[in-house]
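As a plain string of letters, each chain reads:
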Amino acid sequence: MALTILAPVAGWATPLDEVPDPVFSDRILGDGVAIDPIGGRLVAPCDGIIVALAKHAVTIRAESGAEILVHVGLETVALKGLGFTPLAEEGRAVKAGDPILSFDLEILARHAKSLITPVIIANGEAFVIVRRTVSREVAAGDVLMEVVPVTASISGGQTGAESVSRVVVVASEHGLHARPAALLASTAKTFSGEVTLACGGRSANAKSTVAIMALGVRSQDAVTLSAAGAGAEAMVERLARMLEQVHHEAKPALAIQKPKTSNTATHLYGVRAAPGRVAGIAVPLRAAVFVVAEEGLGIAVETKALQEALAALRARLEAAAAAASGPAREIVVAHLELLADSELEAAALTAIAEDKSAAFAWRRAIQHFAAIFRGLEDPRLRERAADLVDLERQVLTLLIGGPVASQPSLPPSAILIADEILPSDLSGFDSRLIAGLLSARGGPTSHVAILAASMNIPALVGAGEGVLAIAEGTQILLDADGGFVDLAPDGATLAAAKHSAAQAAARANQERVGAGELCFTADGLRIEVFANLAKGAEEAAAAVAFGAEGCGLLRTEFLFMERQEPPTESEQREAYQAVAAALGGRPFILRSFDIGADKPVAYLSFPHEDNPQLGLRGIRAGLAWPDLLRTQLRAVLQVTPSGRCKILLPMITALGELRVVRDMIDEICAEFAVQRPELGVMIETPASAVLADQLIREADFLSIGTNDLTQYVLAIDRTHGQLSGQLDALHPAVLRLIARTADAANAAGKIAAVCGGLAADPLAAPILIGLGIKELSMPAPAIPRLKAQIRSLRAEACRALAQAALACESAAAVRALTTSFPGDAP
């Protein structure tokens, strides 16, 4: 039903485009009509509640939820009430035509920038104007506009429009936390109509990552998706498929621990967030205190200030994302997602429309959503409140300068202490001086915990307010592995900790020194040690610095994920060429895209699958969308010099699949007049392992993906809460399939590699070598230690160990066997 908005003041009605202020003419605050007043009395434009009343502006919320902002004159906030007389109170219910305030036209004409008075629909994302009166004189009480909800406008005014709802059970492992919420919102933004998500009696704008996360949706919760507009059914179906697909999140390397015991006078207990044991100097971080003025300098001034601050921070974060890799980059990207959230900015602009300062408005918007997050049951979502607070600090710094108290300079071996440490806290310090992190609050899945682990900095979180009483300069022992901090370690304890740290550092330095050399066992068997890559050229350069002899697996999904359109041929060609250049002529193996299952993309319509891990993924997805696969292959085959980039095909289960792709490659090679590069097959299903002897006849090499192979062999979903602990790639059944694959490749005179997680396991290295694996590909930071270990091994002893492992009855027995293995060469 349409809501009629009456003219709140007499005067000349004009389009917003003619208002000499871009905040209104560009419709930053919303759409509407302006009136150049000839009378000095402002009345309610409709029935409703006065939700905000300043000296010169009023916002009324109608029963339908529409919020109408009337702003008398431009830059009239500077008058500080001069010439204005309120005739109503905030919170009062009013009828259309009831007096709200009066104003002196002569005073305003002398002191204000303009008398023109915008009448705005402040929540225009939910309502649309279907009729407006402009370019003529109106009396107070004349019809000025008619507005309807977006859903009514779409369904009533567009051919083929529709309104659709559907109940969906959320399959994402950890519910709708940051990544799945961002993916959902990104897809919803492509729809021109309204999209909402409802759960537990609350609803949210599905185009807002923050609003979705604030619902606190957990795995297996039933949610209602609703969309209105042309194509609504297709959009709901698309979003429903995303919700029904399982998002496998990387499991924390460290289990969440409960405090071991009650605190004592010398020991405070917490939760390990990043491993390690270190002695250092306590450096309490000072709480960031900003002096924020509540009253603004006018809507135009404050809106401009906020938008400039957001733009400046966005540029800074984008630059940081381009320069970072791994977890650091992922955290920056997550902050960029939050910064671009429409609900956050809308909440801040609403406060600015109430004449609040940009800093006050941003703080209020952030604190509103942070409070919601802290009240959620899911610990992952609770910890996202810290990300919002981090953004609050960064934007306030740009708006009003740094906090009142500056941070201290760091001594060597500093252990940073705070109520809650944020990622931006670390960015201002030299990481080489940071020995550890200790916080009263926070959890092991927080972004700072992930960052600390990636930086090899021990971290203990959730240790309680007692840590805030630790005096600056106190020498303490942080034992993250033990889950405690010792406030008064004795000399022997400190000496032992320092000696252990020095030994570890010396060992790591020694391993790094030799990491750049080719790798051989003690008795001369050549083992190639490559890096797994998933980000592109910068990651490749870093891997070479760690000693990678090449790239054994480039996961190309980074080019296909979290976007609305697939990557173009030229975009892919440039990315692959950049990786090849960064590798400096070293071997380069690229895996064709493995999307589907836990890696859905917005631009492909995957069918509903009860078990996506057994559905359209890997090469099956490539053959289902051959144009997408062909585009990628064309890009790969243009990498120079020709043949430099080998191609690896995921999820192959039969020779027929290999042949179809090979024929496609041959067609493209003929077009480009180049030779076909080496073509390999990933062994990640029992079928491909059993058929390895057939596959290797036509493939140039085999690469074993132990992560998927293990879950398929053991029939255990690696995300299963109760069973995932039994998922061990050293299970004898998995090892026997690895042995079968290696035997087939060696018999054919070709390479069998391992590129899954098992390749980086020090206990697994001698077994894999003993089984006949000649190439190991792993995360780059693991390379120096693995190379040092391999150089201490003898091939014959490895073969004996491997045969003993194949005869074991369980993974635990294999691990016990390897633990006692005398790895060092005599």
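Residues numbered from 1 in each chain as written. Predicted model: local features only at pLDDT ≥ 70, side-chain atom pairs only at ≥ 80, totals over all residues. Heavy atoms only, no water.

Caption draft 1: Just the overall build of the chain, in detail. For the chain, the helix and strand inventory stands at 27 helices and 34 strands. Against the globule reference of 28 Å for 826 residues, the chain gives a C-alpha radius of gyration of 31 Å, in line with a compact fold. Counting only C-alpha atoms, the chain reaches 100 × 70 × 45 Å along its principal axes. For the chain, the residues scored as buried account for 52% of the 826 residues in total. Residue pairs in contact within the chain that sit at least 24 positions apart in sequence constitute 71% of those at least 6 positions apart. Carbon and sulfur atoms make up 53% of the accessible area of the chain, which amounts to about 33000 Å² in all. Between the averaged position of the 72 positive side-chain charges in the chain and that of its 92 negative side-chain charges there is a distance of 5 Å. (Helix = DSSP H or I, 4+ residues; strand = E, 2+ residues; numbered from the N terminus. Rg over C-alpha atoms; globule rule 2.2 N^0.38 Å. Buried < 20%, exposed > 50% of the residue type's maximum accessible area, 1.4 Å probe, protein only. Contact = heavy atoms within 4.5 Å. Areas by Shrake-Rupley, 256 points an atom, 1.4 Å probe, with all protein chains shown as cover. Lys, Arg positive; Asp, Glu negative; His and termini not counted. Charge placed at Lys NZ, Arg CZ, Asp CG, Glu CD.)

Caption draft 2: Inspection of the confidence of the model for the chain at higher detail. On average, residues of the chain score 85 in pLDDT, and 90% of them reach the 70 mark or higher. Of all the helices and strands in the chain, helix α3 (residues 150-157) carries the lowest mean pLDDT, 47, while helix α23 (residues 732-747) carries the highest, 97. Residue range residues 152-160 is modelled with pLDDT below 50. Its contacts to residues more than four positions away, or to other chains, number 12 contacts. Within the model, the stretch residues 247-260 combines pLDDT values under 50 with 40 contacts to residues more than four positions away or in other chains. (pLDDT = per-residue confidence, 0-100.)

Caption draft 3: Main features of the packing of helix α16 (residues 569-583) against helix α18 (residues 626-636). Orientation of α16 relative to α18, taken along the N-to-C sense of each, is 40°, at an axis distance of 8 Å. With respect to their mutual orientation, α16 and α18 come out oblique. Handedness of the α16/α18 crossing: right-handed. Packed against α16, whose contacting residues are E569, Q572, R573 and Y576, the element α18 presents T631, Q632, R634, A635 and V636 at the interface. (Axes fitted to C-alpha atoms, helices over the stretch in contact; angles between N-to-C directions. Parallel < 35°, antiparallel > 145°, perpendicular 65-115°, else oblique. Left-handed = near helix turned anticlockwise from the far one by under 90°.)

Caption draft 4: Looking closely at α18. Of the residues making up α18, those classed as buried are L628, L629, Q632, L633, R634, A635 and V636. Looking at the packing, one finds that the buried side of α18 touches α16, β29 (588-591), α17 (619-624), β30 (645-649) and α19 (655-672).

Caption draft 5: Structural detail: the pattern of salt bridges. According to the stated counting rule, one finds 32 salt bridges in the structure shown. Among the ionic pairs, E392 bridges to R363, the shortest N-O distance being 2.9 Å. Pair noted here: E392 is in helix α11 (residues 379-400) and R363 is in helix α10 (residues 358-374), with a separation of 29 residues, a long-range link. The closest approach of N and O atoms between E678 and K646, which form a salt bridge, is 3.8 Å. Taken as a pair, E678 in the loop between α19 and β31 (679-683) and K646 in strand β30 lie far apart in primary sequence, 32 residues in all. On the basis of relative accessibility, which here comes to 35%, the residue E678 falls in the partly exposed class. Classification of K646 by relative accessible area gives partly exposed; the value is 23%. Beyond isolated ion pairs, a larger network of salt bridges with shared partners links D17, R27, D31 and R132. (Salt bridge = Lys/Arg side-chain N within 4 Å of Asp/Glu carboxyl O.)

Caption draft 6: The arrangement of the layout of surface pockets in detail. When its volume is computed, the second largest pocket comes out at roughly 1200 Å³. In this structure, the second largest pocket is lined by 44 residues; those nearest its centre are N123, E125, N205, E343 and A346. Elements represented by at least two residues in the lining of the second largest pocket include exactly β6 (57-61), β7 (67-71), β16 (194-199), β17 (202-205), α5 (209-214), α9 (342-353) and α10. Among the elements that take part in the lining of the second largest pocket, α9 stands out by supplying 9 residues, more than any other. Among the residues forming the lining of the second largest pocket, the class breakdown is 22 nonpolar, 12 polar and 10 charged. (1 Å grid on protein atoms, 1.4 Å probe; cavity = no way out; pocket = protein on both sides within 12 Å on 5 of 7 lines; lining within 4 Å. Points joined across faces, edges and corners; volume = space filled by probe spheres on them. Nonpolar A, V, L, I, M, F, W, Y, C, P; charged D, E, K, R; others polar.)

Caption draft 7: Focus on the sheet that holds strand β26 (residues 484-486). In spatial order, the strands read β19-β26-β25-β21-β22-β23-β24-β20; together these 8 strands make up an open sheet with mixed pairing. Looking along the sheet, the strands with just one partner apiece sit at the ends: β19 (267-269) and β20 (271-274). Strand-to-strand twist in this sheet, taken as the mean axis angle between neighbours without regard to direction, amounts to 30°. (Pairing = 2+ DSSP bridges.)

Caption draft 8: The sheet that holds strand β34 (residues 775-778), seen in detail. Strand order around the closed barrel formed by 8 strands is β27-β28-β29-β30-β31-β32-β33-β34, with parallel pairing between neighbours. In this sheet, adjacent strand axes meet at a mean angle of 25° when their direction is disregarded. Sheet strands touched by helix α25 (residues 783-790): β27 (528-533) and β34. Its angle to β27, the strand with the most contacts, is close to 160°.

Caption draft 9: Local environment of the side chain of S777. Structurally, the position occupied by S777 is in strand β34. Residue class for S777 comes out buried when judged on its relative accessible area of 1%.

Caption draft 10: Quick peek at the environment of N532. Relative to the helices and strands, N532 resides in strand β27. If sequence neighbours within four positions are ignored, N532 has contacts with E539, L553, R555, C755, S777, M778 and P779. In terms of polar contacts, N532 uses its side chain to reach the side chain of S777, at 2.6 Å. (Polar contact = N/O pair within 3.5 Å; in protein donor to acceptor, adjacent residues only side chain to side chain.)

Caption draft 11: Layout of the packing of aromatic side chains. Tallied over the entire structure, the rule returns 3 aromatic pairs. Ring geometry for F84 and F103: centres 6.3 Å apart, planes at 40°, overall tilted. In this pair, F84 sits in strand β8 (residues 84-86) while F103 sits in strand β10 (residues 99-103), placing the two residues 19 residues apart along the sequence. For the pair F84 and F103, one class covers both residues: buried. Arranged with centres 5.1 Å apart and planes meeting at 45°, the rings of F560 and F593 form a pair that is tilted. Taken together, the residues span a long stretch of sequence, with F560 in the loop between β28 (551-555) and α16 and F593 in the loop between β29 and α17 at a distance of 33 residues. In this pair, the class of F560 matches that of F593, namely buried. (Phe/Tyr/Trp six-rings, centres within 6.5 Å; stacked < 30°, edge-to-face > 60°.)

Caption draft 12: Quick look at the environment of S777. The spatial distance from the C-alpha of S777 to the C-alpha of A759 is 6.2 Å, given a sequence separation of 18 residues. Discounting residues that sit within four places of it in the chain, S777 has contacts with F530, A531, N532, G552, L553, V754, C755, G756 and A759.

Caption draft 13: Looking closely at the nonpolar core. Y576, F588, L735, I738, I767, I773 and L776 are the most contacted members of the largest nonpolar core, which totals 93 residues. Sort the elements by how many residues they give to this core and α23 lands first, with 8 residues. For I767, the residues in contact, after removing those within four places along its chain, are L730, L735, L801, A802, A805, V814 and T818. F191, A211, L215 and A300 belong to the second largest nonpolar core, which has 75 residues in total. (Core = buried A, V, L, I, M, F, W, Y, C linked by side-chain atoms within 4.5 Å.)

Caption draft 14: Broad picture of the packing of helix α15 (residues 537-545) against α16. For the pair α15 and α16, interaxial distance at closest approach is 8 Å and the crossing angle is 15°. It follows from the interaxial angle that α15 and α16 lie roughly parallel. The element α15 and its partner α16 pack so that their crossing is right-handed. Together, A537, A540, A541 and V544 of α15 and A578, V579, A582 and L583 of α16 make up the contact between the two elements. Residue composition of the contact of α15 with α16, by class: 8 nonpolar, no polar and no charged.

Caption draft 15: Inspection of the side chain of E511 at higher detail. Position of E511 relative to the elements: it lies in helix α14 (residues 491-514). Note on E511: relative accessible area 12%, which makes it buried. Once residues within four sequence positions are removed from consideration, E511 is found in contact with P784, R785 and A788.

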